[in-house]
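Report on the structure
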Amino acid sequence: MKKQYFIILTLCLLLATSCGDWLNVQPNSQVEDSELFSDEQGFKEALSGVYSSMVNESAYGKELTFGAMAILGQEWDNYPSSRYASLSEYDYGPATSTSIISSLWNNQYNSIANVNHILGNIDSKEKMFRRDNFNIIKGEALALRAFLHFDLLRCFGVSFAVNPQMPSIPYVKAYNHQVSEQLSVEAVTQNILYDLTEAEDLLKKDPILTGEKITESIDNGYLLNRQVHLNYYAVKGLEARVYLWAGQYQKALDAANVVINSGKFQWADPSLLQDRKDNSMATEQLFGLNDVNLQTLSDSYFNLDNGTSTFSVNQPTLLSYYDNQTADYRYLYLFRNSTNTDIIEYRYSQKFTPSEGDDPYYTEKIPLLRLAEMYLIKAECLYRLTGSGLETLNLLRAVRNVAPIETEPADFFQELIREYRRELIGEGQLFFLYKRLNQKQILRSDADIISLKGYTFPLPQDETTAAIRQNNR
């Protein structure tokens with residue numbers, strides 16, 4: 001009954017909350033709150049509900065991975081043009097664009113509201129938790145609040161390097177009807193790091209860090225499969241992203257090194273990639289989402305028979321992405337040809353297709369934070385701090401079966417961008433890299449994105465109508 005109640009509560013929030021009044025969310029009654037959080041299981045189910053909300057297509061089930069973010073990063077040749085045509089031109093005024101932007105805003109803040117619902121109740125119930133579950137559940141909730149706000153900030157705030165004092169978004173910490181203050185880019189970043197610091201401390205009890213062996217007999221196996229939760233190392237990986245965004249390169253390097261040096265994450269096995277048994281590079285995931293509807297998503301958007309809603313690249317484009325290095329494991333194993341002879345040159349990413357093996361560890365996962373990104377962050381930080389990041393970049397290339405770059409590139413950042421595209425295509429990070437570097441143009445687009453203010457979404461109209469908000473662009 002508690003699980004059903006939380007799902008109903010979440011649906012009520014999603015249905016009743018518009019772009020402008022998303023803060024008008026509050027428990028229907030103290031009795032219902034008391035029932036939901038009457039025991040530890042209620043908190044577990046509430047946290048699970050937040051993760052479930054993140055696979056919504058307005059969030060990481062499409063738009064923040066292979067959908068809108070990939071369109072903005074010019075990653076695909078073929079995509080649903082009727083939905084994304086204006087977005088691909090960085091025109092955020094038409095109804096198609098405003099619908100995507102508003103839905104993204106709504107879904108993220110609804111997930112944040114549910115996180116705050118957990119955090120608003122958990123401290124008073126600490127004594128009811130067994131083992132280390134209080135620390136771990138609260139730590140995950142804080143990390144989720146930071147994670148969700150950070151992607152909102154990267155969408156609706158200007159780049160930190162451009163103007164950290166520019167107004168951006170509210171950082172919402174309470175589950176109530178009060179309107180939260182719109183904060184600067186810097187202030188939101190500080191709040192994110194504050195939550196991550198507290199989460200990191202709480203998650204020092206995380207089995208992925210302590211090495212405790214968890215079995216089904218221990219608490220019904222609740223702490224198994226830590227990679228589909230925002231675990232300790234995922235927090236460190238997110239810290240690396242945020243510190244890099246804020247230009248704190250030594251701290252970003254230190255956080256990335258914690259993950260790299262932990263030995264907890266292994267490079268994907270090429271034989272499993274070849275056999276389609278690990279399409280999402282599961283062993284490399286610091287954090288990913290479990291999506292039980294991944295087959296439906298794959299059939300809808302990466303259908304080898306094609307369709308009006310599919311996403312793909314053409315073979316010449318794919319070759320150019322990988323510098324004609326056809327032995328690159330990513331080129332060889334992470335794309336499949338169309339089965340339609342009329343479009344035989346179309347290539348479809350397999351990252352969002354369930355793996356073909358019978359091991360549940362490898363299937364139905366959406367990658368959100370991977371080991372490879374830690375190497376890309378490390379390479380950039382070393383370049384900025386020492387003048388050379390080539391050795392780290394070549395370590396990544398080596399595990400992908402690509403020859404090393406022999407001499408320091410004339411333009412290191414262009415080489416970095418190319419490696420991000422090869423490695424993280426469809427994962428929602430390329431556009432944010434261009435934004436952080438404040439590049440005038442994105443490869444395969446002739447738009448002057450800076451003059452168009454295309455790196456920053458306008459706040460949804462309902463939000464600016466319902467509250468006094470300053471220009472965020």
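Structural data are supplied above this passage.
Residues numbered from 1 in each chain as written. Predicted model: local features only at pLDDT ≥ 70, side-chain atom pairs only at ≥ 80, totals over all residues. Heavy atoms only, no water.

Looking now at unusual backbone geometry. Of note in the backbone geometry, Arg 276 takes a positive phi value of approximately 60° without being a glycine. Considering the arrangement of structural elements, one finds Arg 276 in the loop between helix H12 (270-274) and strand S3 (285-290). Residue classification places Arg 276 among the buried positions, given a relative accessible area of 14%. Positive phi values are uncommon outside glycine, yet Lys 453 reaches one of about 55°. Along the chain, Lys 453 turns up in the loop between helix H20 (449-452) and helix H21 (461-466). (Helix = DSSP H or I, 4+ residues; strand = E, 2+ residues; numbered from the N terminus. Buried < 20%, exposed > 50% of the residue type's maximum accessible area, 1.4 Å probe, protein only.)

Side chains of strand S6 (residues 346-349) alternate between two faces, with Tyr 346 and Tyr 348 and Arg 347 and Ser 349 buried alike. Sheet topology places strand S4 (residues 313-314) next to S6; two bridges connect them, and they run antiparallel. Its bridge partner lying in S6, Val 313 is registered against Arg 347. (Pairing = 2+ DSSP bridges.)

The subject of this paragraph is the nonpolar core. Met 69, Phe 156 and Phe 287 are the most contacted members of the largest nonpolar core, which totals 142 residues. For this core, the element with the most residues is helix H7 (residues 133-156), which contributes 15 residues. (Core = buried A, V, L, I, M, F, W, Y, C linked by side-chain atoms within 4.5 Å.)

What follows covers the sheet that holds S4. The strand order across the open sheet formed by three strands is S4-S6-S5, and the pairing between neighbours is antiparallel. The sheet terminates laterally at S4 and strand S5 (335-337), the two strands that pair on one side only.

What follows covers the pattern of salt bridges. The full count for this structure, using the stated rule, is 38 salt bridges. Note that Arg 436 is salt-bridged to Glu 380, the shortest N-O span being 2.7 Å. Of this pair, Arg 436 sits in helix H19 (residues 430-437) while Glu 380 sits in helix H16 (residues 371-386), placing them 56 residues apart in sequence. As far as the burial class goes, Arg 436 and Glu 380 line up, both buried. As a salt-bridge pair, Arg 422 and Glu 419 come within 2.9 Å of each other at their nearest N and O atoms. Highlighted residues: Arg 422 and Glu 419, both in helix H18 (residues 412-424), separated by three residues, approximately one helical turn. Considered together, Arg 422 and Glu 419 belong to a single accessibility category, that of buried residues. (Salt bridge = Lys/Arg side-chain N within 4 Å of Asp/Glu carboxyl O.)

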